[in-house]
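Architecture at a glance
One-letter residues, chain by chain:
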Amino acid sequence: MTAREKETIQNLLNRLPQTQDKEKITEEVFGSTTEATPEPPLLRRRHFIKTKDVVFDEMVEQMGECKSKAELLQWARQHVFDEFERVQKSDSKPDQAFLLRYSKLVPKLMEQFRERFGDPHLTLTIYKYVKDRSVTSYVLGCTTATYNELIETIWDSFRDLKTIKGVLEEMKLNNVAADRQTEKVVERVNYEATEGKLWLDRSPDGDQLALAELTRISELLMELMTFGERNKTLQRDWKLAMSAKRDIDDFGF
């Protein structure tokens, strides 16, 4: 890593604001909900409605045009993190389109540093920065896709089962559900670790500990996949309740 890249990373980390009160998340991100249509249950899977986002596609193209890690970091600071801070501090209604786009930009940035530039340290830096900058950033930025990138980075670059277990436990703690990609990545970790015994401590005690961690990783994955199914049920029940309410209102009951 060059001196310029180190300086850019340090500047990025130095911009961390203070963590906000969790109770203010909903109002901060989506505005006051007084007399508004009720929102569905908070599904911490953090997968948002998929619509065509031309701006997001253009931003991904711009990422691809960055020719170095330092250039991509500078682009991310200007177009993602500075913009996020501006939206947060705005006195007007928050730009919901950008806030939802933020949830897709974070894992895409991590993917760029991991795959294009082969730099796991910068990938982890992006994750830590997003997680620590504010509660809103944590909720919107640390999505299932972000955790998938994190797990893949930790395994491919460090073969660290203990940290992967910790990531899955963090997902469980925050009610962030796993998806098919999570399942695919974790199954690959289990297969490669079991077949090749690819973990850090190759000793009798280390082998025993690794097998115990693999077992716990599999258990956590099953629990997190269950979160996803439960969230789908909650979302369906909410839609049915809202539909019934509209029918009652239409008939004037």
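Look a little higher up for the structure.
These lines cover the structure that appears in this document, whether it is placed above or below. Because the structure is predicted, anything quoted here is derived from the model rather than measured.

With respect to the environment of D160
Mapped onto the secondary structure, D160 falls in the loop between α8 (144–158) and α9 (161–173). Remark: the alpha-carbon pair of D160 and V189, spanning 29 residues in sequence, is separated by 9.9 Å. Among the polar contacts made by the side chain of D160, one reaches the side chain of T163 at a distance of 2.7 Å.

Thoughts on the side chain of D53
Positionally, D53 belongs in the loop between α2 (25–30) and α3 (54–65). Since its relative accessible area comes to 13%, D53 is described here as buried. Side chain to side chain, D53 and R101 meet in a polar contact 3.0 Å long. The contact partners of D53, leaving out residues within four places of it in the chain, are R101 and K104.

Topic: the pattern of salt bridges
Per the counting criterion, the structure on display carries 21 salt bridges. A salt bridge links K104 to D53; the nearest nitrogen and oxygen atoms lie 3.7 Å apart. In this pair, K104 is assigned in helix α5 (residues 96–116) and D53 in the loop between α2 and α3, connecting sequence segments 51 residues apart. For K69, the salt bridge goes to D119, with nearest N and O atoms at 3.0 Å. Remark: D119 occurs in the loop between α5 and α6 (120–133) and K69 occurs in helix α4 (residues 69–89); sequence separation between them is 50 residues. By relative accessible area, D119 is classed as buried at 6%. It is possible to trace a salt-bridge network through shared partners that takes in R114, E115, E149, E152, D156, R159, R188 and E192.

Conventions and cut-offs
- Residues numbered from 1 in each chain as written.
- Predicted model: local features only at pLDDT ≥ 70, side-chain atom pairs only at ≥ 80, totals over all residues.
- Heavy atoms only, no water.
- Helix = DSSP H or I, 4+ residues; strand = E, 2+ residues; numbered from the N terminus.
- Polar contact = N/O pair within 3.5 Å; in protein donor to acceptor, adjacent residues only side chain to side chain.
- Buried < 20%, exposed > 50% of the residue type's maximum accessible area, 1.4 Å probe, protein only.
- Contact = heavy atoms within 4.5 Å.
- Salt bridge = Lys/Arg side-chain N within 4 Å of Asp/Glu carboxyl O.

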